Amino acid sequence: MNRLLQFALALVFAFACLCGVLAAPMAGAADALVRKDGDAVDLPLLVRDATAIDSRDVWDPTIKVPNHKTVWHRGHTVTVKWETKDAPKNISNGSAIYLRKGDKTLVDHPLAKGFDLRKGSKSIKIPKSIKPGKDYRIVLFGDSGNWSVEFTIQ
């Protein structure tokens, strides 16, 4: 067995141990792993799944709009825009847009959910019920949550 394959199997074994999977007896170790509950786990499937996890990319897009000059009005539909030139092929998490006022993200009321981050923009409606202020930010969730600069809502 070459060193790269030995290393890969050692990594899979370590990953399996961390996930509650124990190595099978050495005679069958190359074929399957056995979970603590007695169920067998197919080793090639485990390797494939571990590879899929490693191929995901974390992306933290720069929010272009709103910016520090932006003034949005309650009840109006506006567009959030972000940079997409460095978007990865695989984005592992769902997407969402939230408002943040001061040091509190208003997570109970997402402004948008489940859109394609690669498009670079999303129209949202600013709720009429929020208080006017100069300390609002947009929080863009995908692989990594990031905030816009502060802007004003009237």
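Reading the values: the criteria
Residues numbered from 1 in each chain as written. Predicted model: local features only at pLDDT ≥ 70, side-chain atom pairs only at ≥ 80, totals over all residues. Heavy atoms only, no water. Phe/Tyr/Trp six-rings, centres within 6.5 Å; stacked < 30°, edge-to-face > 60°. Helix = DSSP H or I, 4+ residues; strand = E, 2+ residues; numbered from the N terminus. Buried < 20%, exposed > 50% of the residue type's maximum accessible area, 1.4 Å probe, protein only. Salt bridge = Lys/Arg side-chain N within 4 Å of Asp/Glu carboxyl O.

Novice: Could you clarify how one ought to interpret the packing of aromatic side chains in this entry?
Specialist: To describe a pair of aromatic rings, one takes the distance between the centres and the angle between the planes. In the structure shown here, the tally under the stated rule is three aromatic pairs. Seen from their ring centres, W82 and F115 are 5.8 Å apart, and the 50° between their planes marks the pair as tilted. Here W82, found in strand β6 (residues 77-82), pairs with F115, found in the loop between β9 (112-113) and β10 (121-125); they are 33 residues apart in sequence, far enough to count as distant. Residues W82 and F115 agree in their burial class; the two are buried. Taking 5.5 Å as the distance between ring centres and 90° as the angle between the ring planes, the aromatic pair formed by Y98 and F141 counts as edge-to-face. Of this pair, Y98 sits in strand β7 (residues 96-101) while F141 sits in strand β11 (residues 133-141); the two residues are 43 residues apart in sequence, bridging distant segments of the chain. A relative accessible area of 14% places Y98 in the buried class.

Novice: What is the right way to read the pattern of salt bridges from this model?
Specialist: Proximity of charged atoms lets side chains of opposite charge pair with each other. Following the criterion strictly, the structure yields three salt bridges and no others. In this structure, K101 and D135 form a salt bridge, with 2.5 Å as the shortest nitrogen-oxygen distance. A residue pair is termed long-range when its members are at least 10 positions apart, and K101 in strand β7 and D135 in strand β11 qualify at 34 residues. Assessed through its relative accessible area of 27%, K101 is described here as partly exposed. Of the charged contacts in the structure, one is a salt bridge between R118 and D116, with a shortest N-O distance of 3.3 Å. Residue R118 is classed as partly exposed on the basis of its relative accessible area, which comes to 38%.

Novice: Would you take a moment to explain the environment of G102 for this structure?
Specialist: On the secondary structure map, G102 appears in the loop between β7 and β8 (104-105). The sequence separation of G102 and E150 amounts to 48 residues, and the corresponding C-alpha distance is 8.8 Å.

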